[in-house]
Structures are given as C-alpha cells and as structure tokens.
Amino acid sequence: MARFVFLALVPLLFLSFVVVRAEDPYLYFTWNVTYGTISPLGVPQQGILINGKFPGPNINSTTNNNLVVNVYNNLNEPFLLSWSGIQQRKNSWYDGMPGTQCPIQPGKNFTYHFQVKDQIGSYFYFPSTAMHKAAGGFGGLRVNSRLLIPVPFDDPAGDFTVLIGDWYSKNHNVLKKNLDIGRGLGKPDGVLINGKSGKVDGKDKAMFTMEAGKTYRYRICNVGMKASLNFRIQGHNMKLVEMEGSHTVQNVYSSLDLHVGQCASVLVTADQSPKAYYMVTSTRLTKYLHTTTALIKYANSKAPASPDLPAAPVGWEWSLNQFRSFRWNLTASAARPNPQGSYHYGGINITRTIKIVSSSATVDGKLRYAINGASFVLPSTPLKLAEYFGIASKVFKYDTIGDEAPSTKTITIEPIVVSATHRNFVEIIFQNTEKSVQSWHLDGYSFFAVGMGGGTWKPKARKTYNLLDSVSRHTIQVYPKSWSAVLLTLDNAGMWNLRSEIWERHNLGQQLYISVLSPARSLRDEYSLPENNLLCGLVTNLPKPSPYT
C-alpha cells in the first residue's frame, strides 16, 4: 500500500514542480511622475521627475522576469512611457507608444505588465508623448543573463549605467509649440552625462569609483533627441562586449560613436595610475560642438584628473568604419543557451523589400518630415485599438504608402500603417537623401544591420552585405546622402512603431506603424487586450471584442 501511495504521488510532485517552474519571477515598481526644478546646464527649468529623481530610477532585471510598473501621472497633461529596445513578445499593448496605447490622464495611474522574454542587454525607457523627452522622465533598464547561461566575460567588479544625450534649456512646452508652428528645434544647448554637465574645474564630485586592477562594466546609452555623440574615458581603453541585446566580438576602442537611441556595454579595467579621470562626451557630425565630462576616481586616491581631454574623432567615414568593425559573437550565448551563431540569418530568402526614403518639405507653411512621401499624424484613437475593435477603416487606411518612394515630391499628411505578413523575412533599406545623420528604431524586434554605403542603394549592394556575423540590434544610423540595410523576421505579432529617433523628425511625421497580424488570431501568436488597458477616442464606449483563444 505504501508503495502504491508513493508511486501515485510522484506524478503530482512532478506537476507541482512544473507549475512552480513555469511562473517566472515578478519585479514590482511604483513610480510617481511629477514636475520639479532641475538645472542640468546651470539654468533652472521645469523637469520631469520619477520618484523625485532626474534621470529616473534604473531597472535592474534578469531575462524572463515579469516587470510590473505602476505609473502615477501627477503632471497636468497626458503621459506615456515607452521601453526602448525591449521586445515585448506578442504584447504591443504595453509598448507605450501613442499609436498603440491611450495616454495616462493627469491624476490617473496605469500599470505596465510585460516580460523581458529571452532577452539580455542594456536599454532605457523614456516618455513618448509630446516633447516630454526634453524634460526628463528617462532612465536605464538592464536585463542580466540567467545564471545557467554562460557569459563570455568574467563578472565585473561593478556595473555602471551611463546615460548621455543632448539637452535644451528651453521648457519642453516651448519646444513643442515651436514644432507645432512649423519650426525646427535648432541646435541643443549642451550635452549631459546622467543628467549633469561637468566643468573640468576639478570641483566636480566623482560619479563612479573604481579599484585599481579591477574591471568594470559601463552601459552607455544615447538618450538624447538629436545629436550623435562620441564617448571616451580619459587614459583608458574600452572593450566592447554587448550592443542592444547582443554579445559582440570583443574589440577594443579608445572611443565609441553612439547615435540617438543606441546602447552599448564596454569593459574598462582600472589599469592606470591611481587618480581621477574624465569620462568625455562630445557631439559628432554636427556644425556645432558641445562637450561635457564626468569624473571617475580610483579608490583611496585624491590625485586630480588632468584637464587635457582626449579629442573626438573627425568625419563620418571614421564612424562608418567603426560600425563595420562591430561583429556578432557567434560562439557566445545570449538569453538562450544556444550560441548566437546557430541562427543563420544569411541563408533565409528575402520575401519583401521595403525602402524607407526620408524627405522634408514645407506644407501649409509648416515644416514636415516624411517617409516615402507621407508624413505621419496621430489620430485621436490609437491605431492598435482601432484595429482590435474592428473600426480601423474609421481611423486609418492600410498601406497608403508603397514599398518605394513615389516619383512625386508632394507630401501627404496621414496616419501611416503598413501591413505585413506574419513570419515573413524582410529587408528594410533606409535611404537618407539629406545632409544630416539619421537614426532609426523599430519597436518589438531586433534586426541584423547587414550593410551601409554612400549614395543611393541599388540591388547590387546586396553583394556587400555581411550575411555571417552582423550584430542583431534595434537601432541603426544612416549617414548623410547614404543608405543602411537591415534584415529581420516579422515573427512578433502586434502593431509596432518604426520611427526616426531624431525627435523633431519623429514629432513632425517621420514614423509609421507596422501591423503584423497573425491569420490564426490566437494566443499562440498574440495576447488579447489586457483587462486594465486604457480606452480613448472612438473605442471608449464600445463593447470589448472576444479575446483570442
């Protein structure tokens, strides 16, 4: 009898173990978003604080964690947060872009709930409404590897988040009004490192401390609005180990170019004379030059840093060559145990080529930026909600732009939604016809940045693609009068924002949404509308559709 009871309990014990294992850990955060006075460039201005902090608090998570972030909007205007680079699988509902989600109204709260599924790396969050990004509200978001998956470098002695970005001292509402009346933002007033601007006068406090002989990880993200930036550390080399969720070949650099929206992780060894050193950030590829610094000091040393700062590189060709040196680490595992190189993206047939051709024009006396002849405007009903509730035709039309730019130079102003077939393998060509560097980002995905070149892209350029070890990432720069090419599988159902990370371009029309619908309409491919989802516009009082099964 005892033997029978034991054997009967074994399956039950096994099932209990499976149930416990199936639920990944939860991390809970409560954030109060308020206005506050900040002076990052020495001039008092209105800033956006999260729990009283500028920049906001860092999120430290591990792959497959469930993040539950309850955001209280104590501003006097609607507000949203987006999670740059976080690939919310089957869940564009919490993407935090105005095309997929209703904003949090003043005095209200909303709880984001998403999983950093099968993902590692360095990311950031930011406000996606109005020009709130120009007032703060951003912070770092790291996703660590699980202990059972080997990382291709030893554990660092410390892990530092470094948020760099250009900054305007004008109020964010003034900047928004300038855009609304058809003006550009103009040049920024300076650049920041973690919300501060150094003076190289020896009076700044150290931002980070290192112990001699030890190695540290620096996660660097360009959270700015317009300028490409170069980052370097006085007297120290940087070993690149991760870029936007991918482990890279560990090349050593004296400085790194980071374009708007891009993140990278480097290892820095404290192998110099024990004293203080400057981190230096400078604008790149602009007619103006802004530079700022922040101090790093060696522990137990009071020796000051040298005022002689390392110079930034010159020219975009240097930056292009650096891009070509970035390589995917084929033998390293990322969020999953299998090596990154086991995914042979170069052997997949391309099913569709989409050319994103940028342009600008004056429409009714106002500046607009466009993609393939169309400039995006946001309707009062989020696009994803209109699609889900079956009233898309009342809000937007699919595929109003083609996969190539039209021959006419006129610009239309409309919501832009491109329909795409689930699981298709596509090629996207970003063509820059203008004289300034651009930066593009796709939510919900990583893509393989396979090539760049000058002039106009032509099919023969495919012969120059790196089809073996291009880095899988989510943001790509396009140099002046040049092109960039990426490859990706559209395997993440939902409505996803493809946008210029140059924020005045984004706000004035240079963005679109890609609707990746699963024919099955099942939970296998996409989650149903969450119960707590905010409703606005035409769907406010409509009955909710039946959930996916």
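Just so we're clear, the structure is a prediction, and the values are computed from it rather than from any experiment.

## What to know about the state of the cysteines
- Scanning all chains against the criterion turns up 2 disulfides.
- Across the disulfide from C102 sits C536; the S-S distance is 2.1 Å. The sign of the S-S torsion, about -90°, decides the handedness of the disulfide formed by C102 and C536: left-handed. Residue C102 is found in the loop between β5 (81-84) and β6 (109-115), and its partner C536 is found in the segment after β33 (511-517); the two are separated by 434 residues along the sequence.
- Between the sulfur of C221 and that of C263 lies a disulfide, 2.1 Å long from S to S. Its S-S torsion of about 115° marks the bond between C221 and C263 as right-handed, since a negative value means left-handed. Of this pair, C221 sits in strand β12 (residues 215-222) while C263 sits in strand β18 (residues 263-269); the two residues are 42 residues apart in sequence, bridging distant segments of the chain.

## Quick word on the sheet that holds strand β20 (residues 291-298)
- On the basis of which strands lie adjacent, the open sheet formed by 5 strands has the order β11-β20-β19-β13-β17 and mixed pairing. For this open sheet the edge positions go to β11 (206-210) and β17 (256-258), each flanked by a neighbour on one side alone. Across the sheet, the mean angle from the axis of one strand to that of its neighbour is 25°, orientation sign disregarded.
- Pairing of strand β13 (residues 228-233) with strand β19 (residues 276-284) involves 6 bridges; the strand directions are antiparallel. Counterpart to L229 in the pairing with β19 is T283.
- Sheet strands in contact with helix α3 (residues 316-325) are β13, β17 and β19, and its direction is about 95° off that of β17.

## Topic: helix α2 (residues 172-180)
- Those residues of α2 that fall on the buried side of the exposure criterion are H172, L175, N178 and L179. The arc that holds the buried residues of α2, viewed along the axis, is 115°, so those residues lie on one side.
- On its buried face, α2 sits against β1 (26-38), β2 (45-50) and α6 (503-507).
- Its side-chain oxygen at 2.7 Å from the backbone nitrogen of N173, N171 defines the N-terminal cap of α2.

## Observations regarding the sheet that holds β5
- One open sheet holds the 4 strands; their spatial order is β3-β8-β7-β5, and the pairing between them is mixed. With partners counted over all chains shown, the strands left at the sheet margins are β3 (59-62) and β5, one partner each. Sheet twist, expressed as the average angle between the axes of neighbouring strands with direction ignored, equals 25°.

## So, the pairing of β18
- Here β18 lies mainly inside the structure; 6 of its 7 residues are buried.
- As defined by bridge partners, β12 adjoins β18 across 7 bridges and the pair is classed as antiparallel. By the bridge assignment for β18, T215 is matched with T269.
- Both strand β14 (residues 238-243) and β18 contribute to a ladder of 3 bridges, which runs antiparallel. Within β18, the position partnered with L240 by the bridge is V266.

## What about the confidence of the model for the protein chain?
- Averaged over all residues, the pLDDT of the protein chain is 94; the fraction at 70 or higher stands at 96%.
- Predicted confidence is poor over residues 1-21, with pLDDT under 50, and the contacts of this stretch with residues over four places away or in other chains come to 0 contacts.

## Focus: α3
- Restricting attention to buried positions, one finds in α3 the residues S319, L320, Q322 and F323. Down the axis of α3, the smallest arc covering the buried residues is 160°, so these residues share one side.
- For α3, the secondary structure elements touched by its buried residues are β16 (252-253), β17, β19, β28 (447-454), β29 (472-473) and β30 (475-478).

## Considerations on the pattern of salt bridges
- Considering all chains together, one arrives at 21 salt bridges under this definition.
- Residue R336 pairs with D118 through a salt bridge whose shortest N-O separation is 2.7 Å. One end of the pair, R336, is in the loop between α3 and β21 (352-363); the other, D118, is in the loop between β6 and β7 (121-127), with 218 residues separating them in the sequence.
- Accessibility expressed as a relative area gives 47% for R336, which makes it partly exposed.
- With a shortest N-O distance of 2.9 Å, R219 and D159 are connected by a salt bridge. You can see R219 sitting in strand β12 and its partner D159 sitting in strand β9 (residues 159-167), a full 60 residues away along the chain.
- What makes R219 buried here is its relative accessible area of 3%.
- Among the charged side chains, a network of salt bridges with common partners joins R142, D159 and R219.

## Concerning the nonpolar core
- Among the nonpolar cores identified, the biggest contains 105 residues, and Y218 and M279 are the most heavily contacted of them.
- Residue contributions to this core peak at 5 residues, all from β9.
- Ranked by size, the runner-up nonpolar core spans 26 residues in total, among them F29, W31, I48 and L81.

## Things to note about the packing of aromatic side chains
- Under the counting rule described, the total for this entry stands at 32 aromatic pairs.
- Centre to centre, the rings of F54 and F138 are 5.9 Å apart; their planes meet at 65°, and the pair counts as edge-to-face. Of the two residues, F54 is situated in the loop between β2 and β3 and F138 in the loop between β7 and β8 (139-144); the sequence distance between them amounts to 84 residues.
- Pairing Y94 with F110 gives two aromatic rings, centres 5.8 Å apart and planes at 45°, and the pair type is tilted. Of this pair, Y94 sits in the loop between β5 and β6 while F110 sits in strand β6, and the two are 16 residues apart along the sequence. For the residue pair Y94 and F110, the accessibility class agrees, reading buried in each case.
- By way of ring pairs, the aromatic residues F29, W31, W83, Y94, F110, Y112, F114 and Y125 are connected into one cluster.

Thresholds, definitions, all that
- Residues numbered from 1 in each chain as written.
- Predicted model: local features only at pLDDT ≥ 70, side-chain atom pairs only at ≥ 80, totals over all residues.
- Heavy atoms only, no water.
- Disulfide = S-S within 2.5 Å.
- Helix = DSSP H or I, 4+ residues; strand = E, 2+ residues; numbered from the N terminus.
- Pairing = 2+ DSSP bridges.
- Axes fitted to C-alpha atoms, helices over the stretch in contact; angles between N-to-C directions.
- Contact = heavy atoms within 4.5 Å.
- Buried < 20%, exposed > 50% of the residue type's maximum accessible area, 1.4 Å probe, protein only.
- Arc of directions from axis to C-beta.
- Polar contact = N/O pair within 3.5 Å; in protein donor to acceptor, adjacent residues only side chain to side chain.
- pLDDT = per-residue confidence, 0-100.
- Salt bridge = Lys/Arg side-chain N within 4 Å of Asp/Glu carboxyl O.
- Core = buried A, V, L, I, M, F, W, Y, C linked by side-chain atoms within 4.5 Å.
- Phe/Tyr/Trp six-rings, centres within 6.5 Å; stacked < 30°, edge-to-face > 60°.

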